[in-house]
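Residues per chain, in single letters:
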Amino acid sequence: MTPRQVRSFVEGASVERIREVLDLMQKVKKRVPPSELPQHEVAFLLDLRDHEAFFRELADARLQK
């Protein structure tokens, strides 16, 4: 995932979806086994992890609107 794709995702996602992704990212950080995460989200989260700080910055700005 590129920074441009991250920006596009955040701009197009609902606030609920952004919160859901942030929650799932926290679970990944806490080392929740992948088997306990929604299977359709694992690849997305792993791809997003490369730009986690950028995603969080954009997500925080979007959630504060």
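Scroll up a little and you will see the structure.
Description of the structure in this document. (Residues numbered from 1 in each chain as written. Predicted model: local features only at pLDDT ≥ 70, side-chain atom pairs only at ≥ 80, totals over all residues. Heavy atoms only, no water.)

**Overview of the packing of helix 2 (residues 15-29) against helix 3 (residues 39-48)**
Helix 3 packs onto helix 2 with a crossing angle of 80 degrees between their chain directions and a minimal axis gap of 11 Å. Here helix 3 runs roughly perpendicular to helix 2, going by the angle between their axes. Residues Arg-17, Glu-20, Val-21, Leu-24, Met-25 and Val-28 of helix 2 form the contact with helix 3, whose own contacting residues are Glu-41, Phe-44, Leu-45 and Leu-48. The residue inventory of the contact of helix 2 with helix 3, partitioned by class, reads seven nonpolar, no polar and three charged. (Axes fitted to C-alpha atoms, helices over the stretch in contact; angles between N-to-C directions. Helix = DSSP H or I, 4+ residues; strand = E, 2+ residues; numbered from the N terminus. Parallel < 35°, antiparallel > 145°, perpendicular 65-115°, else oblique. Contact = heavy atoms within 4.5 Å. Nonpolar A, V, L, I, M, F, W, Y, C, P; charged D, E, K, R; others polar.)

**Examining unusual backbone geometry**
Look at Arg-31: it is not a glycine, yet its phi comes out positive at around 65 degrees. Tracing the chain through its elements places Arg-31 in the loop between helix 2 and helix 3.

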